[in-house]
Amino acid sequence: MRSILPLRRVPVVTSQWMRRIVCGGALTLTCAPAVAAAPVDPAGIGVTSATIQTLVRRVGHSVVQVVVSGYRPNGSGGGIVVARSRTIGSGVAIAEGGYVVTNAHVVAGAERIDLVLPDVDAEVAPLGRAAGRTTRARLVGLAPELDLALLKTDVNLPPVALATDGVRQGELVFAFGSPDGLRNSVSMGIVSAVARQVDPGNAVAYIQTDSAINPGNSGGPLVNANGDLVGLNTFIESRSGGSEGLGFALPVSVLGLAYPQLRDFGHIHRGAMGMSLQAISRGIREGLQLPDASGLIVSDVATGGPAAAAGIRTGDVVRAIDGHSIGDLSFEQLYRYWYALPPGERVDLTVWRDGDMWAAALDTVIAPHNCERPSLLEGLDDEIVEPLALFGQTLDGDEPGVLVTARIAGPTVDDVDLQSGDVIKSVNRSPVTTLLSLRDAIAAIGRGHTAVIQIERNGSLSYVEFER
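Residues numbered from 1 in each chain as written. Predicted model: local features only at pLDDT ≥ 70, side-chain atom pairs only at ≥ 80, totals over all residues. Heavy atoms only, no water.

Counting 24 residues, the largest nonpolar core has Ile94, Leu146, Leu148, Leu150 and Leu250 as its most contacted members. Listing elements by their share of this core, those giving two or more residues are strand 2 (81-95), strand 3 (99-102), strand 5 (134-143), strand 6 (148-152), strand 11 (229-236), strand 12 (247-251) and helix 3 (252-265). The element best represented in this core is helix 3, accounting for 6 residues. (Core = buried A, V, L, I, M, F, W, Y, C linked by side-chain atoms within 4.5 Å. Buried < 20%, exposed > 50% of the residue type's maximum accessible area, 1.4 Å probe, protein only. Helix = DSSP H or I, 4+ residues; strand = E, 2+ residues; numbered from the N terminus.)

Further remarks concern the packing of aromatic side chains. Here the distance between the centres and the angle between the planes together describe a pair of aromatic rings. Evaluated as defined, the whole model comprises 4 aromatic pairs. Between Tyr71 and Phe391, the aromatic rings sit 4.8 Å apart at their centres with planes inclined by 90 degrees, giving edge-to-face as the arrangement. Taken together, the residues span a long stretch of sequence, with Tyr71 in strand 1 (residues 63-73) and Phe391 in strand 22 (residues 390-395) at a distance of 320 residues. Taken as a pair, Tyr71 and Phe391 share a single burial class, namely buried. (Phe/Tyr/Trp six-rings, centres within 6.5 Å; stacked < 30°, edge-to-face > 60°.)

Our next topic: the sheet that holds strand 8 (residues 185-196). Strand order in the closed barrel formed by 6 strands is 7-8-9-12-11-10, with antiparallel pairing between adjacent strands. Sheet twist, expressed as the average angle between the axes of neighbouring strands with direction ignored, equals 45 degrees. By the bridge criterion, 3 bridges tie strand 8 to strand 9 (residues 206-209) in an arrangement that is antiparallel. Note on strand 9: the bridge partner recorded for Arg196 is Tyr206. Taken strand by strand, helix 3 contacts strand 11 and strand 12, and its axis lies near 40 degrees from that of strand 12. (Pairing = 2+ DSSP bridges. Axes fitted to C-alpha atoms, helices over the stretch in contact; angles between N-to-C directions. Contact = heavy atoms within 4.5 Å.)

Let's shift gears to the environment of Lys152. With respect to the helices, strands and loops of the structure, Lys152 is situated in strand 6. Ignoring any residue separated from it by four or fewer positions in sequence, one finds Lys152 in contact with Gly97, Gly98, Tyr99, Arg136, Ala137, Arg138 and Val140. Within the structure, the side chain of Lys152 is placed 2.9 Å from the backbone oxygen of Gly97, a separation counted as a polar contact. (Polar contact = N/O pair within 3.5 Å; in protein donor to acceptor, adjacent residues only side chain to side chain.)

This is how it looks when you write it as structure tokens:
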């Protein structure tokens, strides 16, 4: 019969004392001398960490914080109501000569754009001041359809290298920028999806990543493990307002095609086929009784455009372009037909209509564009009439007056019943013909007195009052 030693409590002691207790007990064990444990790094974590640090430092010299001052709609009141705002985003140098790309929504309503230059060597800012120099930037190119903007500064930042190979699902990527205004921030993740088309009516497919991307990261770079730019962080899907692992970046292939056009023309200078195409969803297929979901459906045809001249109608389905089936086209090829066709290029289409397939050929024309090079909203202060909390514009022609272009959010905005689109005709019977005459008429009214303002709204004249 085997005897069992009773359990007994062993005091909590150091490892050396424990070793002596165990070795001196009833059990016979071999006691090894105490030696220092050798460092173990089976996965090369130390090497990997050092490599990432080098990558972060190199890329960080190309990343800037974008600080935008201006006016943005605030969503309250009648008509257009704007408020003074300060927006923070990110940007990255894309070419020599001080060219920086960011998102169009970052610079929306900009009156002034400042870039906080990188200072990646100053890991801890001195107390009492923030590290980094600030320089002014000007807006030289804007593509709202891509949510892309090109800035230029006099500081020649080192451009980040553009990736030449496409990303792969599961690939390691790093997101740089200023989340919640915290400059010189970086997060790591993987590519969740290579080409995620968020809007069926838009050809742009985004890189989806689980790298932590938050407000303020917009316009910052997404780079691969080589430190090459693979995308521009553009938006997130979130219920909380913060990162939930659903970040989306504009692919570098789009940036490479758009950059020279934004630099040279200020907008996407492209050929147009004169029609709008969108993906065929399950609902569109069922509702329009299409045989399958292959191809792109024509949702609109411009009157007098190349597509109309070729006989294309709304409801037609484009099955192939230049002999390539729509399903076989890569995102880069599809993007080219949407945004990068040279004007005057011949495009051959295979079109399905009511069970029949037919060929259509069209020559692209220059896509219409309503404005020249973009400019900042500089000089807005000259249009402000502070006592009335409005932006105004002098009207030329036979019907003089001051057009209210927008109201300015604040305590005064509710004190006077003016809306964007109103035309101010007079103040206390004094005619108003210019912004200067409006300011003079308001200034002539003493504090505590009432100003009666005659306005034209929706074709009718009326009076509104305002107490100074």
